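Each chain is listed here by its residues.
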Amino acid sequence: MVMFALAWQKLGVRPLFTIPSVLAVVGGPVIGGILAALIAAVVHDFFFYWFHRIQHRWLWRWHAVHHSIEELNAVNSYHHPSEAMLSLIILQIPMSLLIGTHSPVFPFVNLVLWCHIVWIHSPTRITLGPLRALIVDNRFHRIHHSMEERHFDKNFGAFTTLWDRLFGTCHMPGRDEWPVVGIAEARQPRGFGDWVRMPWRLGEVPAAPAEADAAVLPGTVAEGRAALI
């Protein structure tokens, strides 16, 4: 987002909306800047929420690469290489043209939010305490990766739980709720070739031995996870 904001500025292109400065209200550039950046994060998460739902409905073959991970952690939470391009076209560029923010601390807050994305894929069971009602933590996001059918199409938000609550896709995990993750359609990639080819081979890649009998048939790949409208 920062990169695109700088590019549009060089080209003389202004975003349709600019998050108003709250510096005069809160009395300082740092706190005000952080608040402005957090507002931007909540707004961005709204658009990410719907992009994420689109992935589950119409782009599942590519997004399934990410969901095939069987041991979530901050290192292996990879996506298919095409997903970065899809995000660029469908989410990042439109967002940068729609909403802008002028804050000197925005790049730093953007970095913190990126670290947050990494953390919600981590295996630690540490929670955010009372803040987890509003801020996504790794327990909340693990539900999204669950193999249990009751968790399908839940917890699409990456930063705040607000949009999942508002649109009826929120599942707050119980105290000891720590489901097995992955997908029945395929095992996680075992090498670079598997990683690149998986979207075109989904339904052909053997499921985990213990889950082979429960694997879904080709043609039903997205059906268990896509009840959007």
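Structure: see above.
Just so it is clear, the model here is predicted, and its values are computed rather than measured. (Residues numbered from 1 in each chain as written. Predicted model: local features only at pLDDT ≥ 70, side-chain atom pairs only at ≥ 80, totals over all residues. Heavy atoms only, no water.)

Enquirer: Please give an account of the nonpolar core that cites residues and values.
Expert: In a soluble, globular protein the nonpolar side chains are often hidden away together inside. One finds Ile19, Ala36, Ala40, Phe48, Phe51, Leu91, Met95, Ile99 and Ala158 forming the largest nonpolar core, which totals 9 residues. Among the secondary structure elements, those contributing two or more residues to this core are helix H3 (29–57) and helix H5 (81–98). A total of 4 residues in this core trace back to one element, the largest contributor, which is H3. Judged by nonpolar contacts, the second largest core, of 7 residues, contains Trp60, Val65, Ile183 and Ala186. (Core = buried A, V, L, I, M, F, W, Y, C linked by side-chain atoms within 4.5 Å. Buried < 20%, exposed > 50% of the residue type's maximum accessible area, 1.4 Å probe, protein only. Helix = DSSP H or I, 4+ residues; strand = E, 2+ residues; numbered from the N terminus.)

Enquirer: An account of the side chain of Glu185 is requested, with residue identities and associated values reported.
Expert: With respect to the helices, strands and loops of the structure, Glu185 is situated in the loop between helix H8 (162–166) and helix H9 (192–201). Look at Glu185 and you get buried, because its relative accessible area is 8%. Separated by 3.4 Å, the side chains of Glu185 and Trp60 make a polar contact. (Polar contact = N/O pair within 3.5 Å; in protein donor to acceptor, adjacent residues only side chain to side chain.)

Enquirer: Before we move on, could you go through the pattern of salt bridges and cite the residues and values that matter?
Expert: A side chain of one charge can pair with a side chain of the opposite charge if their charged atoms are brought near each other. Within the structure shown, the criterion is met by 7 salt bridges. Across the salt bridge formed by Arg132 and Asp137, the nearest N and O atoms sit 3.3 Å from each other. For Arg132, a relative accessible area of 18% gives the class buried. The closest approach of N and O atoms between Arg201 and Asp194, which form a salt bridge, is 3.3 Å. Arg201 gets classed as partly exposed once you look at its relative accessible area, which sits at 27%. When salt bridges with common partners are traced through the structure, they connect Glu70, Arg187 and Arg190 into a single cluster. (Salt bridge = Lys/Arg side-chain N within 4 Å of Asp/Glu carboxyl O.)

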